[in-house]
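These are the residues of each chain, in order.
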Amino acid sequence: MKLVWSRPAAADRREIRSWIAQDNPAAALRLDQRLSEAAQHLVDHPDLGRPGRLPGTRELVIHQNYILVYDLIDDLVRVLRILHAARQWPVGEPE
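All values derive from a computational prediction rather than experimental measurement.

Novice: Can you help me understand the overall build of the chain in this one?
Specialist: Looking only at helices and strands, the chain has two helices and five strands in total. Beginning at the N terminus, the succession of helices and strands in the chain can be written as β-α-α-β-β-β-β. Out of the 95 residues belonging to the chain, those deemed buried represent 39%. If you take every contact in the chain between residues at least 6 apart in sequence, the share linking residues at least 24 apart comes to 44%.

Novice: Even after reading the chapter, I still don't get helix α2 (residues 25-44), so can you show me in this structure?
Specialist: Think of an α-helix as 3.6 residues a turn; residues three or four steps apart then line up on the same face. Helix length check: α2, at 20 residues, gives a terminal C-alpha distance of 30 Å against a target of 28 Å (1.5 Å per residue), a fit within 8%. Elements in contact with the buried residues of α2: β1 (2-5), α1 (7-21), β3 (57-63), β4 (66-73) and β5 (76-84).

Novice: Looking at this structure, I do not really get the sheet that holds β3. What am I missing?
Specialist: Strand-to-strand pairing in sheets goes through backbone hydrogen bonds, with the strands running parallel or antiparallel. The five strands are arranged β1-β5-β4-β3-β2 in an open sheet whose pairing can be described as mixed. One side of each edge strand has no neighbouring strand; the edge strands of this open sheet are β1 and β2 (50-51). Where β3 and β4 come together, six bridges link them in antiparallel fashion. Within β4, the residue paired with Glu59 across the bridge is Val69.

Calculation notes
Residues numbered from 1 in each chain as written. Predicted model: local features only at pLDDT ≥ 70, side-chain atom pairs only at ≥ 80, totals over all residues. Heavy atoms only, no water. Helix = DSSP H or I, 4+ residues; strand = E, 2+ residues; numbered from the N terminus. Buried < 20%, exposed > 50% of the residue type's maximum accessible area, 1.4 Å probe, protein only. Contact = heavy atoms within 4.5 Å. Expected span 1.5 Å × (residues − 1). Pairing = 2+ DSSP bridges.

Structure (structure tokens):
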């Protein structure tokens, strides 16, 4: 399988890193690395996450505050969004 980050997921990742880096740059880098490693781990273990709230999606809790939303299409693991756990989801269809 291959890993693909959607544009919204990549934007989520940048925003999370920037937000955390304002107070703690080292923590921002650690969380970003954790997101990257978790997403890459899905390549070998695509069913690791729980069934998602949107049909056809799965959700992997990366940290107590962050959830990686993804789907599986053929030989792709597609990261759709990275959400804060307190965020209302779904608010619309992922891109």
